Structures are given as structure tokens and as C-alpha cells.
Amino acid sequence: MRVALIIFLLFPAICNAEVMDKMPSLLSISITMVVGVIASYLSARFNPTLLLIVLPMLGLLTLSGLFEVNDPYMGAAIAQEASSTYIFVSWFSPFLILTFAGLGLLIRSRHVKTNT
């Protein structure tokens, strides 16, 4: 037991922890992005008041992962274990959700103008 303790104290690199087993998978981030894009577009297009519910919920889902990706220590470990694709999708999903919400509002405003 003492030998193991001495080895772990002298060589802390032996005791490394996994990071990605505590993070959402790339598939779950992608599914959240697709559902978020559809929900934000449809709510902006047909009932913009629903954006007051949809966008904060999606913001909590997508931005919570960005805090870990932005952390200097966690972000480096995530980039090393997952890939740059994981970081790109984590950053791209909130952007895409907001873009499609804006697109839905734009199409709604043009549709309202042509019908009046």
C-alpha cells in the first residue's frame, strides 16, 4: 500500500481522469441543435411569443456546455479527448438556433406585409 502511495505521489500523470464521460455526447448536442433549430424557427414563424419560452430553455441547454468548453483546463482536456468537431458543434449550435429564429421572424414579417 505504501509503495502504491509513493508511486502515485511521485508520478501524478498515472492518475488521470476521463473528462468526456461527464460531458454530453456529440450526438446529444447535435440532436439538441436540430430540435432547437426546428423549435425556434417554427415558434418565430407562427407564434413569436413562444420564443420567450423556447429560447431560454434552449439557451440553458446549449450554453451550459460552452462554459466547460471555454474553461482553460476543461476545454483543453475536451479538445484532447473528443476533437475539434465537438468544440465546433458546441459553439455552432447556439448560433444556428438564433439564426433560424431570426429567419423565422423575417419570413413572418414579410408574410404579414404581403397579406395586408
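Structural notes, computed from the coordinates. (Residues numbered from 1 in each chain as written. Predicted model: local features only at pLDDT ≥ 70, side-chain atom pairs only at ≥ 80, totals over all residues. Heavy atoms only, no water.)

What follows deals with the nonpolar core. Counting residues in hydrophobic clusters, the biggest one holds nine residues: Val 19, Met 20, Met 23, Ile 29, Val 69, Ala 77, Ile 78, Tyr 86 and Val 89. Looking at this core, the elements with two or more residues in it are α4 (72-81) and α5 (84-115). If sequence neighbours within four positions are ignored, Tyr 86 has contacts with Met 20, Met 23, Pro 24, Ser 25, Leu 26, Ile 29, Val 69 and Ile 78. Met 33, Leu 58, Leu 96 and Ile 97 belong to the second largest nonpolar core, which has six residues in total. (Core = buried A, V, L, I, M, F, W, Y, C linked by side-chain atoms within 4.5 Å. Buried < 20%, exposed > 50% of the residue type's maximum accessible area, 1.4 Å probe, protein only. Helix = DSSP H or I, 4+ residues; strand = E, 2+ residues; numbered from the N terminus. Contact = heavy atoms within 4.5 Å.)

Quick look at the packing of aromatic side chains now. One pass over the full model with this rule turns up three aromatic pairs. Residues Phe 88 and Phe 92 carry aromatic rings whose centres are separated by 5.3 Å and whose planes lie at 15 degrees to one another, so their mutual orientation is stacked. Placement of the pair is Phe 88 and Phe 92 together in helix α5, with a separation of four residues, close to one helical turn. We classify Phe 88 as exposed; its relative accessible area is 52%. When its relative accessible area of 29% is taken as the criterion, Phe 92 is described as partly exposed. On the basis of an interplanar angle of 40 degrees and a centroid distance of 5.9 Å, the ring pair of Phe 92 and Phe 95 is categorised as tilted. You can see Phe 92 and its partner Phe 95 sitting in helix α5, three residues apart, about one turn around the helix. Taken together, Phe 88, Phe 92 and Phe 95 form an aromatic cluster joined through their ring pairs. (Phe/Tyr/Trp six-rings, centres within 6.5 Å; stacked < 30°, edge-to-face > 60°.)

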